[in-house]
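# Structure at a glance
The primary structure of each chain is shown beneath.
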Amino acid sequence: MRRALLLVVCSGVLAVGLSVNASADPAGWTPLLRTAASKLITAELNRDGATACSVLYAPLAATVDGKTCVERWDARSAHMLASAGGARGLRADLRAVSNAAVAINGLYGSIALPHPLLGGHSRFYWTANCWMLTR
């Protein structure tokens, strides 16, 4: 009888501990998402396609029309920085990252930046233990 009671109590404690741990993980993801956004924005400001590609979800980092991810993002960064207000927008995003609203829903997260990072969105996907920019 004592053994059964002990088993029930231990199971309950374990279940509560696991549920608290599971619900705590997404809250800990917010700083990681902010770091990924900062890393991408900084890479664009520095015309560093390799670092930018390291933050992209794998399908976005693929070679397209014979151009590698690095080639495409180097060109994208150069074009953005050459456009009127491009660098100013990136710097505004970089300043906003630390206080921008972050929403996490399961394995997807987004950050509300003044100038969205990709295609009008700043949406990330949790994969390989890190946040990767996706569409």
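Summary of the structure given here. (Residues numbered from 1 in each chain as written. Predicted model: local features only at pLDDT ≥ 70, side-chain atom pairs only at ≥ 80, totals over all residues. Heavy atoms only, no water.)

The sheet built from four strands is open, its strands ordered β1-β2-β3-β4 with antiparallel pairing. At either margin of the open sheet sits one strand with a lone partner, and together these are β1 (102-105) and β4 (130-134). The sheet shows a mean angle of 30° between the axes of neighbouring strands, direction not considered. As judged from the five bridges shared by strand β3 (residues 123-127) and β4, these two strands associate in the antiparallel manner. Directly across from Y125, in β4, lies its bridge partner M132. (Pairing = 2+ DSSP bridges. Helix = DSSP H or I, 4+ residues; strand = E, 2+ residues; numbered from the N terminus. Axes fitted to C-alpha atoms, helices over the stretch in contact; angles between N-to-C directions.)

For the coordinates displayed, the defined rule picks out one disulfide. The disulfide bridge from C53 ends at C69, spanning 1.9 Å between sulfur atoms. Where C53 bonds to C69 through sulfur, the torsion about that S-S bond is close to -105°, and the disulfide is left-handed. Separated by 16 residues along the polypeptide, C53 in helix α2 (residues 49-53) and C69 in helix α3 (residues 69-82) bring together distant segments of the chain. Given the relative accessible area of 5%, C69 is considered buried. (Disulfide = S-S within 2.5 Å. Buried < 20%, exposed > 50% of the residue type's maximum accessible area, 1.4 Å probe, protein only.)

With that settled, the discussion passes to the pairing of strand β2 (residues 108-111). Every second residue of β2 is oriented toward a common face, the buried set being G109 and I111 and the non-buried set Y108 and S110. Here β1 pairs with β2 via four bridges, running antiparallel. Bridged to N105 within β2 is Y108. A loop of two residues connects β1 with β2, the two strands running antiparallel in sequence, and G106 in this loop sits at a positive phi of about 70°. One ladder, built from three bridges, connects β2 with β3; its direction is antiparallel. Each bridged residue has a counterpart across the sheet, and for S110 the counterpart in β3 is R123.

This part covers the pattern of salt bridges. Under the definition given, this model contains one salt bridge. Its salt-bridge partner being E44, residue R76 comes within 2.7 Å of it at the nearest N-O pair. Of the two residues, R76 sits in helix α3 while E44 sits in helix α1 (residues 2-45), which places them 32 residues apart along the sequence. Here E44 falls in the buried class, since its relative accessible area comes to 1%. (Salt bridge = Lys/Arg side-chain N within 4 Å of Asp/Glu carboxyl O.)

Just distances and angles here, no functional claims.
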